[in-house]
Amino acid sequence: MVTAKKAPAKTVAKAPAKAPAKVAPVKRRTPKPKAEAAPNPQPAKTPADTLGKIIGLIEWVDSPFKLLTVILLSFMAFAGYFAWDSRQVILQAIQNQDHMPQLVKQDDLVEPAKSLMKDVDGLVVLVHKANLTTNSRTTVLAINADGSREKKIEGTVTSLFNASPDRNAAMVAMLNNEVLCEEFNPSSKVGEWGVKQGVKFMCRGSIPPDPGKFAGYLAIGFKEKPEDISALKTRINLASTDMSDE
């Protein structure tokens, strides 16, 4: 019995597996910083520009009132003292300058000044005539501890308001009808003279001592702070009344 041979099974060649498709890497873009707008160049200031502003200010100041306004604002910027609430007191006093009382004659100031010095044991007494319109004061009387007059000081003209906080505080206080007593710090040639006489404490009072009236003021210096300041202020007001022509 013949057995038929089976034909060998055909081997089917397998197709090679396809390699996975390559994916291109995704590039992440770093956001570029926004370019800042270049600042507009400011034109350099020239001396001509500054000079033009100065000339404009000079042209604007066409009255004593405007002049004093500029002076006061300058001191405010420099010293930083003046509170805005004080502006009405100062401006009202300036506007009433023409209606202010006057000091008595110079010779008539001597007696009340010497009497005050004797009563309160003062070291020096000064009497200043004020002109708010021009922001100036004139020392019309200066008396030493021995009662003699210091005539080289009399006639000295300085400013009412200046860069000294102490001086400005005293001015505002006197315009508000107050007598201001405090440790003394000189801010003028007259003040330096007082220090040479030994003054360390000073009281200032308006002449006359009435609200809204300011012909000038008296200042009395001491070697040290007096004990009874309240009584001292009352005595200063009495002397101030005698120094006014009202």
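Conventions and cut-offs
Residues numbered from 1 in each chain as written. Predicted model: local features only at pLDDT ≥ 70, side-chain atom pairs only at ≥ 80, totals over all residues. Heavy atoms only, no water. Helix = DSSP H or I, 4+ residues; strand = E, 2+ residues; numbered from the N terminus. Buried < 20%, exposed > 50% of the residue type's maximum accessible area, 1.4 Å probe, protein only. Areas by Shrake-Rupley, 256 points an atom, 1.4 Å probe, with all protein chains shown as cover. Pairing = 2+ DSSP bridges. Axes fitted to C-alpha atoms, helices over the stretch in contact; angles between N-to-C directions. Contact = heavy atoms within 4.5 Å. Core = buried A, V, L, I, M, F, W, Y, C linked by side-chain atoms within 4.5 Å. Phe/Tyr/Trp six-rings, centres within 6.5 Å; stacked < 30°, edge-to-face > 60°. Disulfide = S-S within 2.5 Å. Expected span 1.5 Å × (residues − 1).

Caption draft 1: Main features of the overall build of the protein. Counting its regular elements, the protein contains 7 helices and 6 strands. Counting from the amino terminus, helix and strand elements in the protein follow one another as α-α-α-α-β-β-β-α-β-α-β-β-α. A burial count over the protein gives 39% of its 246 residues as buried. With an accessible surface of roughly 16400 Å², the protein has 56% of that area assigned to carbon and sulfur atoms.

Caption draft 2: Molecular detail of the sheet that holds strand 6 (residues 216-222). Here 6 strands make up an open sheet; going across it, the order is 3-2-1-6-5-4 and the pairing antiparallel. Edge positions in the sheet fall to strand 3 (157-159) and strand 4 (180-183), since each of these pairs with one other strand and no more. Across this sheet, the average inter-strand angle for adjacent strands is 30 degrees, counted without regard to direction. Pairing of strand 4 with strand 5 (residues 201-207) involves 4 bridges; the strand directions are antiparallel. Looking at strand 5, one finds that Glu 182 is bridged to Met 202. In the packing of helix 7 (residues 229-242) onto the sheet, the strands contacted are strand 4, strand 5 and strand 6, and the crossing angle to strand 5 comes to about 40 degrees.

Caption draft 3: Looking closely at the nonpolar core. Judged by nonpolar contacts, the single largest core of 27 residues is most densely connected at Val 127, Cys 203, Leu 218, Ile 220, Leu 232 and Ile 236. Secondary-structure elements contributing two or more residues to this core are helix 4 (106-120), strand 1 (124-131), strand 2 (136-143), strand 5, strand 6 and helix 7. Here this core takes 6 residues from helix 4, the largest share from any one element. Setting aside its immediate chain neighbours within four residues, Val 127 contacts Leu 103, Leu 109, Thr 138, Thr 139, Val 140, Leu 141, Ile 207, Tyr 217, Leu 218 and Met 243. Counting residues in each nonpolar core, the second largest holds 21 residues, with Leu 123, Trp 193, Val 199 and Met 202 among its members.

Caption draft 4: Structural context of the packing of aromatic side chains. For the structure on display, the rule yields 1 aromatic pair. On the numbers, 6.4 Å between centres and 15 degrees between planes, the contact of Phe 214 with Tyr 217 is stacked. Given a relative accessible area of 2%, Phe 214 falls into the buried group.

Caption draft 5: Highlighting the state of the cysteines. Counted by the stated rule, this structure contains 1 disulfide. Here Cys 181 connects covalently by a disulfide to Cys 203, the sulfurs 2.1 Å from one another. One quick way to see it: the torsion about the S-S bond of Cys 181 and Cys 203 is about 120 degrees, and its sign makes the bridge right-handed. Pair noted here: Cys 181 is in strand 4 and Cys 203 is in strand 5, with a separation of 22 residues, a long-range link. Cys 203 carries the same exposure label as Cys 181, and that label is buried.

Caption draft 6: The pairing of strand 2, seen in detail. Within strand 2, 7 of the 8 residues are buried, which leaves the element mostly enclosed by the surrounding structure. In terms of strand pairing, strand 1 meets strand 2 through 7 bridges, oriented antiparallel. In the strand pairing of strand 2, Val 127 is matched with Leu 141. Count of turn residues in the strand 1/strand 2 antiparallel hairpin: 4 residues, of which Asn 135 carries a positive phi of about 55 degrees. Relative to strand 3, strand 2 runs antiparallel, the two sharing 3 bridges. Along strand 3, the bridge assignment pairs Thr 138 with Val 157.

Caption draft 7: Inspection of helix 4 at higher detail. In this model helix 4 runs 22 Å from its N-terminal to its C-terminal C-alpha over 15 residues, within 8% of the 21 Å that 1.5 Å per residue would give. Looking only at helix 4, the buried set comprises Leu 109, Val 110, Pro 112, Ala 113, Leu 116, Met 117 and Val 120. Structurally, helix 4 contributes buried residues whose contacts are with strand 1, strand 2, strand 6 and helix 7. Taken from the residues just after helix 4, Asp 121 is the one with a positive phi, measuring 60 degrees.

Caption draft 8: The pairing of strand 5, seen in detail. The element strand 5 is extensively covered by neighbouring structure, given that 7 of its 7 residues are classed as buried. Where strand 5 and strand 6 come together, 7 bridges link them in antiparallel fashion. Among the inter-strand pairings, Ser 206 is bridged to a residue of strand 6, identified as Tyr 217.

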